[in-house]
Amino acid sequence: MRRYLKIEEKNLIVYLIISLIAAILIAGTAFIYLKITSYANNKNYDSLIRMALISIPYFIIEASFDYLSQKYISIITNNIKNNIREDILVKIQRESSYNIGEAYKVKLNEVMINDLEMSAVYIRNLVSLVLYVSMFLISLLSAIYIQFYLTLIMPILSLLPLMAPFINKKILANKKTREQEEKNNFLGIFNDYLGNILYLKLSNLDSYFKNKSIEASKNLNQASNNYEKSLRKTYAVSYGMGNILYTGTWIIGGIFVYYNRIDLPDLIAMTSLMITIAGPIQTIADVYSELVSSKKIFDKLMIFLEKDNYYPKDEGEEISTIDNVVMNKAIIKYCDSLVLGDLNYSFKKDYKYLIVGESGSGKSSILKLLLANFKYMGDLVRVNGKALEDVNLYSYYSNISYIPQDTTIFTASLIDNISLFSQNTDRKKAEEVLDLVGLSDLISKRENGLDSMINKNDLSGGEKKRLDLARALYQDRDLIIIDEVDSGLDYENQNKISEIIKEIEGKILICVSHSTNSNFKSSFDKISSIENKKLVEL
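The text that follows walks through the structure, step by step, so that each part is easy to find. Note that the structure is a prediction, hence the values are computed from the model and not measured. (Residues numbered from 1 in each chain as written. Predicted model: local features only at pLDDT ≥ 70, side-chain atom pairs only at ≥ 80, totals over all residues. Heavy atoms only, no water.)

**Considerations on the packing of aromatic side chains**
Within a pair of aromatic rings, the relevant descriptors are the distance that separates the centres and the angle that separates the planes. Let me state the cut-off plainly: To pair, rings of Phe, Tyr and Trp, with the six-membered ring standing in for Trp, must have centres within 6.5 Å; the planes then decide the type, stacked if under 30 degrees apart, edge-to-face if over 60, and tilted in the middle. Relative accessible area decides the class of each residue, using a 1.4 Å probe on protein chains only: under 20% of the type maximum gives buried, over 50% gives exposed, and in between gives partly exposed.
Counted under the stated rule, the structure contains 14 aromatic pairs. With a centroid separation of 5.8 Å and 40 degrees between ring planes, the pair formed by Tyr 396 and Tyr 397 is classed as tilted. Here Tyr 396 falls in the buried class, since its relative accessible area comes to 0%. Centre to centre, the rings of Phe 410 and Phe 421 are 5.3 Å apart; their planes meet at 75 degrees, and the pair counts as edge-to-face.

**Quick look at the sheet that holds strand 3 (residues 351-356)**
To keep things clear, this is the line we draw: Strands are treated as partners if at least two bridges between them are detected by DSSP. Runs of E in the DSSP output that reach at least two residues are strands. Runs of H or I that reach at least four are helices, and both are numbered from the N terminus. Between N-to-C directions, angles cover 0 to 180 degrees, with each direction set by a line fitted to C-alpha atoms, over the stretch in contact for helices.
A sheet is described by the order of its strands in space; here six strands give the open sequence 6-9-10-3-11-12, paired in mixed fashion. Edge strands, defined here as strands with exactly one partner in the open sheet, are strand 6 (400-403) and strand 12 (534-537). Taking the axes of each pair of neighbouring strands and ignoring which way they run, one obtains an average angle of 20 degrees across the sheet.

**Overview of the environment of Asp 458**
Stated precisely, the cut-off is as follows: Working rule for contacts: check all heavy atoms of both residues, and any pair within 4.5 Å makes them a contact. Polar contacts here mean pairs of N or O atoms no more than 3.5 Å apart (in protein, one a potential hydrogen donor and the other a potential acceptor; neighbouring residues in sequence count only if both atoms are side-chain atoms).
Take Asp 458: it is sitting in the loop between strand 8 (453-454) and helix 16 (461-475). Counting along the chain gives 312 residues from Asp 458 to Ile 146, while the straight-line C-alpha distance between them is 77 Å. Leaving out residues up to four positions away in the same chain, Asp 458 has contacts with Arg 446, Met 453 and Glu 463. Here the side chain of Asp 458 touches Asn 455 through a polar contact of 3.0 Å, landing on its backbone nitrogen.

**Structural notes on the pairing of strand 2 (residues 337-348)**
Across a regular strand the side chains alternate sides, sitting on one face of the sheet and then on the other. Inspection of the sheet shows strand 1 (residues 324-334) paired to strand 2 by eight bridges, in the antiparallel sense. Bridge pairing in strand 2 links Val 326 to Ser 346. The hairpin turn running from strand 1 into strand 2, its antiparallel successor, is two residues long, and Cys 335 in that turn takes a positive phi close to 50 degrees.

**Describing the side chain of Thr 271**
Assignment of secondary structure puts Thr 271 in helix 10 (residues 264-306). At 2.8 Å, the side chain of Thr 271 forms a polar contact with the backbone oxygen of Ile 268. Discounting chain neighbours no more than four positions away, the residues touching Thr 271 are Tyr 246, Thr 249 and Trp 250.

**A word on helix 11 (residues 363-370)**
Three or four residues apart is the spacing at which side chains of an α-helix point the same way, because the helix has 3.6 residues per turn. Most of helix 11 is tucked away, with six of its eight residues classed as buried. Looking only at helix 11, the buried set comprises Lys 363, Ser 365, Ile 366, Leu 367, Leu 369 and Leu 370. Phi for Ala 372, located one or two positions after helix 11, is positive at around 60 degrees.

**Notes on unusual backbone geometry**
Of note, Ala 372 is a non-glycine position whose phi angle comes to about 60 degrees, a positive value. Residues other than glycine seldom take positive phi values, yet Asp 476 does so here, at roughly 55 degrees. Here Asp 476 lies in the loop between helix 16 and strand 9 (479-483). The partly exposed category is assigned to Asp 476, whose relative accessible area is 46%.

The quantities given are spatial measurements derived from coordinates; they are silent on function.
Set out below in structure tokens:
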């Protein structure tokens, strides 16, 4: 939190000055009332009119500074919120790829949508305390100036409102955290329901997930009602305490008037100040209640940001080319269960490698190993004779074209989807690679050609796979890694992919597949199979 406050240091200084001026102006209204009442009581008409005219611009200035203080509260809160959001995005970018699974994505949604919003509530209330404390202190000093002895009694009356935060803390307990947990639970179930709706309908599971979502919604509703009910109780407690303070001032002030210790104008001024004393106390109590309920969520967010699970991609020796990649006695395990063992294999330039095996045999795990997607790489993979752990991963990935099992189509222009948002696009090259993979009609059939916008629904399964290959050809990198490029394709599309792969030369091409298509297999120079948890060259 200190780091974010440090970034906002200038705004905080300006806000502090504005808050002090605003507090002085608010307390000053008591003296305006005092003068107006005195002039009216003494039948001093000219002075009364003069003070009335002065009060108009005074209250305009007071309102302006009240606006400025609220404005800076919003600016500081939103700036810190934005800085935290940027830190979340940086964390995602730095996060090691082996950590990024479905659970991690769900967690990020919770953090970005729910936790960040609740953290903003915490920040806003924390910053607001500066204004409320300033109002309280300056109003208290003003009251001392008017009537010292009556002001001495005020803190005694103020003890009741000061009890409100402790009462409210007990009332709220962990109810906000509970509501947030139920909200995250509902969103998780709903995302499963919405993200897999077609599969669920076809599997007759939509009713089950609908009922599960309704049950989670009811739990969320109950938790929200419990929190709101408790929050209203805290408001009632704070309001009641404030009223006791305000009424007590009138009663005790009336006694002071009765004994001629103060006059009526002084009492009116004192009661006006008591509003600006009791008001901040009540507001501070309310803010404290929200601070207590939102601080746990803010702390959880800070722990999430501070926890480093990243592979230092920008460290290590840079490489400009990839001539060979070697698996060196590599062993792949999941939860202490052996998937593949004693992997000794060399991938060299100018060769195309196909790794076949049954589903779940570990084909994709080999690709994960080659892409440094395991926590401890050690010397398991060597690139150009260097341990991959000692290689700068940015430079390594800059020499790789990776084609995943499920093609990613961005809602962007065709040229951006091919060049992957490169700042220096080669439009002629893009047209050539599209023609090479048989997708030139994507340009000819669209009014804006390469600048036409596309999305994932615009292309068939075969077109998506060929677009992936077009990306690899456009990037023209040393190592091409392909995960199940033929998955879900009919023989015709598999053969089209096969012809494209045959045209690729001068690269290290590694593909995993469970295809039985002999024409597809003929596209590769070397074929290996996973048998008995070992990689065997055929």
